[in-house]
Amino acid sequence: MAAHLSYGRVNLNILREAARKDLREFLDKCAGSKAIVWDEYLTGPFGLIAQYSLLKEHEVEKMFTLKSGRLPSADVKNIIFFVRPRLELMDIIADNIFSESKVHSSREFHILFVPRRSMLCEQRLKEQGVLASFTNIDEYILDLIPYDGDLLSMEYESAFRECYLENDQTSLYHTAKGLMTLQALYGTIPQIFGKGDCARHVANMMLRMKREFAGTQNQILPVFDTLLLLDRNVDLLTPLATQLTYEGLIDEIYGITNGYVKLPPEKFAQKKQGEASKDLPTEPKKLQLNSAEELYAEIRDKNFNAVGAALSKKAKIISAAFEERHNAKTVGEIKQFVSQLPHMQAARSSLANHTSIAELIKDITTSEAFFENLTVEQEFMTGVDTDKVNTYIEDCIAQKDPLIKILRLVCMQSVCNNGLKQKVLDFYKREILQTYGYEHMLTLNNLEKVEFLKLQTGSRNNYPTIRKTLKLWMEDANEQNPNDISYVYSGYAPLSIRLTQVLARPGWRSIEEVLKMLPGPHFEERQTLPSGLHKKRQQGENRTTLVFFLGGVTYAEIAALRFLSQMEDSGMEYVVATTKLINGTTWIKSLMDRPESQLP
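Residues numbered from 1 in each chain as written. Predicted model: local features only at pLDDT ≥ 70, side-chain atom pairs only at ≥ 80, totals over all residues. Heavy atoms only, no water.

> Could you clarify how one ought to interpret the overall build of the chain in this entry?
Each helix and strand in the chain was counted, giving 24 helices and 15 strands. Taken over the C-alpha trace, the chain has a radius of gyration of 26 Å; the compact-globule value for 600 residues is 25 Å, and the two agree within 12%. Oriented by its inertia axes, the alpha-carbon framework of the chain measures out at about 75 × 70 × 65 Å. Expressed as a percentage of its 600 residues, the buried residues of the chain come to 52%. Long-range pairs, those at least 24 residues apart, make up 78% of the contacts in the chain with a sequence separation of at least 6. By element, 51% of the accessible surface of the chain is carried by carbon and sulfur atoms, the whole surface being about 28,000 Å². Charge-centre separation for the chain: the mean point of 72 positive side chains lies 3 Å from the mean point of 77 negative side chains. (Helix = DSSP H or I, 4+ residues; strand = E, 2+ residues; numbered from the N terminus. Rg over C-alpha atoms; globule rule 2.2 N^0.38 Å. Buried < 20%, exposed > 50% of the residue type's maximum accessible area, 1.4 Å probe, protein only. Contact = heavy atoms within 4.5 Å. Areas by Shrake-Rupley, 256 points an atom, 1.4 Å probe, with all protein chains shown as cover. Lys, Arg positive; Asp, Glu negative; His and termini not counted. Charge placed at Lys NZ, Arg CZ, Asp CG, Glu CD.)

Printed below as a string of structure tokens:
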């Protein structure tokens, strides 16, 4: 079912299996038939761990979404609530239980908190008078979820906001716990490097937890050689820029949620000749995107400009394979052709889907609006006119373009200029509030608190120095046959990934000055391994680094790390972990106050 998780350097299926085992054990605690009531946000992440078939094997007969009022009817003995520890959800659960107890007195109720139990939530249930109704109150520790053969995510959407805006370090505790779980399964990670305040906190918590559990750790040969913890605020620029890889653009335009994307259905309608096209589907086309699909694994990390050629090459290969049937003369040859047929048909259907997606994206990337936006982004990245009001942004506000687009550009200008002059910042704020409404004052205030927007103080702008030293801008980036990570943004090399690349070779000592210019401390820790567990490296064997982004990572950054893993001489393979997969839009939305009710 999840074979693609074990293809990579590190078999992430071990983590998935451990999570499935815990889930089965909890379900078996509740003997008899069951209905699960889901906190809607959890259904996506859980889908990556266990399909409905696993739940069915453990007598789960019905599944409902958590909402107030009466629960839908179900002839079951147990009702299990799967919820995040949020107070507002406790009120809904109390409402459910009151309306149930009037009808079914014999039912048993259970609650499973994901990822941790919460005293506050239990207190709220007690105040509501329903705490005693629960037979089991438990927690299901789902910290790191395997998304792909080299990708883990906590899907903790508010992590960045909590850490940098609300000064709440809960997500850092969950990160440290998740990393301890990982070490229990894959061995102690001998070297830890980090950059940023949150990275320092996580490392400290991990080291403390390790001391507390001293003597109980498993004797496992380490799979990872190094852990790199990176704060998202060390590199605020990268997520604000438009990603230009195939997967990055799908996420920018349509949004990828828990490995799935919903696309406009009309491109995927199977029209038969001579039929009227009036019965076009209206439901969005939902596709799963991961490396289990051969073609997607091949094109996901390419710059979008190289995708067309890759698809046409694949189309020729598939056509040639189907033509082979005419050459099959003997029974043996025909048999062999027939045995390959399912694989060939899957490849053809995959090609059709990705050709349609590429056409949808191309309609947008070839538009004038996309080109103008990208031009301004690239001017900011290269330091052109970053210290004055940008006429393109001014025009976009006048045309009432989507607010998020404006905020991404203004924040980008501020980041590339180490803040904006007072009159420039005041102008943007005034224009935004007058055009989009004064309720956005709170959002602008939030963006200032996290330093997306800031006032330029006397200190000099360090961005040009950082850009030159780390070669963040590469002229004439080769998009078709890349030789540098800058291809993922057509010229801009993500700062976060450059830091990762330099750490591997020649090491951070070579860029001490630049590291001091970036926020937060940088550090190195070593974890002692029990004797006999030191790896004996084979000749030519690559080292494995786990790069953990605290506060989110983009698909373009993941593509850049995969590119580094595949480089002949890098000697390093990367596995990516993060609190959340993000893009500029979802990132800024997470910092807005009540974004849904306000966006035009």
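Picking up after the structure, the text goes on.
> Honestly, the nonpolar core in this entry has me stumped. Any pointers?
In summary, soluble globular proteins display a tendency toward joint burial of nonpolar side chains. Ranked by size, the top nonpolar core spans 168 residues in total, and within it Leu-229, Phe-452 and Leu-499 carry the most contacts. Sequence-distant contacts of Leu-499, that is, excluding residues within four places in its chain, are made with Leu-230, Val-234, Leu-470, Trp-508, Ile-511, Leu-515 and Leu-518. Ala-74, Val-76, Ile-97 and Ile-111 belong to the second-largest nonpolar core, a separate cluster that totals 23 residues. (Core = buried A, V, L, I, M, F, W, Y, C linked by side-chain atoms within 4.5 Å.)

> So what exactly am I meant to see when it comes to the sheet that holds strand E5 (residues 134-139) here?
By definition, the strands of a sheet pair up through backbone hydrogen bonds, in either a parallel or an antiparallel sense. If you walk across this open sheet you meet the 5 strands as E2-E1-E3-E4-E5, and the pairing is parallel. Two strands bound the open sheet, and with one partner strand each, they are strand E2 (60-65) and E5. Put simply, the sheet's adjacent strands are angled 20° from each other on average, direction ignored. Pairing between strand E1 (residues 34-38) and strand E3 (residues 78-83): 5 bridges, direction parallel. (Pairing = 2+ DSSP bridges. Axes fitted to C-alpha atoms, helices over the stretch in contact; angles between N-to-C directions.)

> Explain unusual backbone geometry here, please?
With omega at 5°, the peptide bond leading from Val-114 into Pro-115 counts as cis. Mapping Pro-115 onto the fold places it in the loop between strand E4 (108-113) and helix H5 (119-127). Omega for the peptide link from Arg-505 to Pro-506 comes to 10°, which places this bond in the cis form. Along the polypeptide, Pro-506 turns up in the loop between helix H20 (495-504) and helix H21 (512-517). Within the chain, Glu-155 stands out as a residue other than glycine whose phi angle is a positive 50°. When you line up the elements, Glu-155 lands in the loop between strand E7 (151-153) and helix H6 (159-164).

> In this structure, what is going on with empty space enclosed by the protein? I would like to understand it.
Over the atoms rolls a probe the size of a water molecule, and in doing so it shows where empty space is left. Scanning all chains against the criterion turns up 3 cavities of 30 Å³ or more. When its volume is computed, the largest cavity comes out at roughly 100 Å³. In terms of lining residues, the largest cavity is bounded by 13 residues, among which Tyr-147, Asp-148, Gly-259, Leu-289 and Arg-300 are the most central. Across the lining of the largest cavity, the residue classes tally to 7 nonpolar, 3 polar and 3 charged. Residues from two domains meet in the lining of the largest cavity; each of domain 2 (143-235 + 468-530 + 540-599) and domain 3 (246-272 + 281-366) gives at least three. (1 Å grid on protein atoms, 1.4 Å probe; cavity = no way out; pocket = protein on both sides within 12 Å on 5 of 7 lines; lining within 4 Å. Points joined across faces, edges and corners; volume = space filled by probe spheres on them. Nonpolar A, V, L, I, M, F, W, Y, C, P; charged D, E, K, R; others polar. Domains from an automatic or database assignment.)

> For this particular structure, what's the right way to read the pairing of strand E15 (residues 572-578)?
Of all 7 residues making up E15, 6 are buried, and the element is well covered by its neighbours. Looking at chain direction, E7 and E15 are connected through 3 bridges and run parallel. If you follow Ser-153 over to E15, its bridge partner there is Thr-578. Sheet topology places strand E14 (residues 543-550) next to E15; 7 bridges connect them, and they run parallel. Its bridge partner lying in E15, Thr-544 is registered against Glu-573. Once the chain exits E14 it traverses helix H22 (residues 555-566) before rejoining the sheet at E15, and the crossover so formed is right-handed. (Right-handed = clockwise from strand over helix to strand, strands pointing away.)

> Could you clarify how one ought to interpret the domain arrangement of the chain in this entry?
Frequently, the measure chosen for interface size is the accessible area that the parts lose on association. Per the domain assignment, the segments of the chain are domain 1 (3-142), domain 2 (143-235 + 468-530 + 540-599), domain 3 (246-272 + 281-366) and domain 4 (369-417 + 419-459). Domain 1 and domain 2 are separated by 31 Å when their C-alpha centres are compared. Carbon and sulfur atoms make up 63% of the area that domain 1 and domain 2 hide from each other, which totals about 2,100 Å². If you sort the residues of domain 1 by the area they bury against domain 2, Arg-9, Leu-15 and Arg-116 come out on top, with a joint share of 32%. Where domain 1 meets domain 2, there are 2 salt bridges. Among the salt bridges present, the one from Arg-116 reaches Asp-143, with a minimum N-O distance of 3.1 Å. (Buried area = accessible area lost by both parts, 1.4 Å probe. Salt bridge = Lys/Arg side-chain N within 4 Å of Asp/Glu carboxyl O.)

> How do you make sense of the side chain of Asn-417 when you look at a structure like this?
When you line up the elements, Asn-417 lands in the loop between helix H16 (403-416) and helix H17 (422-436). Residue class for Asn-417 comes out buried when judged on its relative accessible area of 5%.

> Would you explain the pairing of E5 in this entry?
Remark: a regular strand shows side chains that alternate across the two faces of the sheet. Across 5 bridges, the pairing between E4 and E5 is parallel. Residue pairing across strands places Leu-112 opposite Asp-138, the latter belonging to E5. Crossover handedness for the path E4 to H5 to E5: right-handed.

> I tried to follow the packing of aromatic side chains on my own but got confused; where do I start?
By convention here, two paired aromatic rings are described through the distance between centres and the angle between planes. Summed over all chains, the structure comprises 18 aromatic pairs. Judged by centre distance (4.8 Å) and plane angle (55°), the rings of Trp-38 and Phe-82 are tilted. Of this pair, Trp-38 sits in strand E1 while Phe-82 is found in strand E3, placing the two residues 44 residues apart along the sequence. Their ring planes at 40° and their centres at 4.5 Å tell us that Phe-160 and Tyr-164 sit as a pair that is tilted. With Phe-160 and Tyr-164 both in helix H6 and 4 residues apart, the pair spans about one turn of that helix. Taken together, the ring pairs in this structure connect Phe-26, Trp-38, Phe-46, Phe-82 and Tyr-140 into an aromatic cluster. When the ring centre of Phe-523 is taken as reference, the NZ or CZ atom of Arg-200 above it lies at 4.1 Å. A cation over an aromatic ring shows up here: Lys-286 above the ring of Tyr-260, its NZ or CZ 4.8 Å from the ring centre. (Phe/Tyr/Trp six-rings, centres within 6.5 Å; stacked < 30°, edge-to-face > 60°. Lys NZ or Arg CZ within 6 Å of the ring centre and 35° of its normal.)

> Looking at this model, I keep getting lost on a negative patch on the surface. Mind explaining?
A surface patch of negative charge is lined by Asp-28, Glu-59, Glu-61 and Asp-75. Relative to the assigned elements, Asp-75 resides in the loop between E2 and E3. (Patch = residues over 30% accessible without salt bridge, like charges linked within 9 Å, V, L, I, M, F, W, Y side chains within 5 Å.)

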